[in-house]
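Analysis of the macromolecular model
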Amino acid sequence: MTSLAERLEAIRSEVPEGVALVVVTKFHPASLVRELHALGVRDFGESRHQEAARKAAELADLDLTWHFIGQLQSNKARAMREYARVLHSLDRPSLLGALAEPDREPIDAFIQINLTEDPARGGIQPDALAAFAERALDTPGIRVAGLMAVPPISADPAAQFARVRELRDRVLLPIAPTATGLSMGMSGDWREAIREGATHLRIGSAITGNRPDPAYARTRTEG
Ligand SMILES: *Cc1c(COP(=O)(O)O)cnc(C)c1O
């Protein structure tokens, strides 16, 4: 058995300078976020709005940066902005309207790319990226940060990450020169992601250990 500190340090020691490590704490209690904060972690990823909002409120005394990484319902977009500074899952046109807020500090948003042939999966199809990015750039309240993707389970992650990087360079950067970010790499493929130019890693279980069963986590944190 390794400790939380050992697992965190093992990964940190391999993450190059300038690459952000976002520790994904979904399903875990706020107390784990507090432990990680004590170990120096400041960037945390959550994928469900209610859970994230609850943890952010419970941990309001800490200096944390919350990254929203899951599918976001449009009617939760405003509330998400109350705690999250970065959105990694700008995945469909209807979110643009929901996020458009001219009077507030823009949120950093990664456009999520769908790497499968299945349009029902979350994300923008590569051939629709240019048009979608133009609309995002025209939306007040959004600052396009780059691209995000999750490789399909059966695919070679390195090839998928290279494809995302190529899309950023060829399609996004010519119209959004500051959108240099690449949010890619999870517990099983973060080394490949670093090699392919990731700027933001989203790593959960390799640091936190296995996630508790969601139903169990719910009864524990709502009590
Ligand atoms: C859960 C999740 C992660 C982290 O997954 P691990 O395999 O535990 O590292 C990263 N990105 C997204 C979008 C997730 O939902």
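Refer to the structure presented above.
These figures come from a predicted structure and were not determined experimentally.

Brief notes about helix α2 (residues 30-38)
Within α2 the residues assigned to the buried category are Ala30, Leu32, Val33, Leu36 and His37. Along the axis of α2, the buried positions cluster into a sector of 155°, meaning they face one direction only. The secondary structure elements touched by the buried residues of α2 are α1 (4-12), β1 (20-24), β2 (43-46), α3 (49-58), β3 (65-68) and α9 (205-208). Two residues or fewer after α2 comes glycine 40, characterised by a positive phi angle close to 100°.

Details of the site of the ligand
Around the ligand, a shell composed of Val24, Lys26, Ile69, Met148, Met186, Ser187, Arg202, Ile203, Gly204, Ser205 and Arg211 is seen. Side-chain polar atom of arginine 202 to a nitrogen atom of the ligand: 2.9 Å apart, as the coordinates give it. One of the backbone N or O atoms of glycine 204 is found 2.8 Å from an oxygen atom in the ligand. Taking 390 Å² as the accessible area of the ligand by itself, protein coverage stands at 86%.

Quick look at the environment of alanine 176
Its location among the elements puts alanine 176 in the loop between α7 (157-172) and β7 (181-183). For alanine 176, a relative accessible area of 4% puts it in the buried group. Residues alanine 176 and glycine 146, 30 residues apart in the sequence, show an inter-C-alpha distance of 8.7 Å.

Quick notes on the rules
Residues numbered from 1 in each chain as written. Predicted model: local features only at pLDDT ≥ 70, side-chain atom pairs only at ≥ 80, totals over all residues. Heavy atoms only, no water. Buried < 20%, exposed > 50% of the residue type's maximum accessible area, 1.4 Å probe, protein only. Helix = DSSP H or I, 4+ residues; strand = E, 2+ residues; numbered from the N terminus. Arc of directions from axis to C-beta. Contact = heavy atoms within 4.5 Å. Near = heavy atom within 4 Å. Polar contact = N/O pair within 3.5 Å; in protein donor to acceptor, adjacent residues only side chain to side chain. Areas by Shrake-Rupley, 256 points an atom, 1.4 Å probe, with all protein chains shown as cover.

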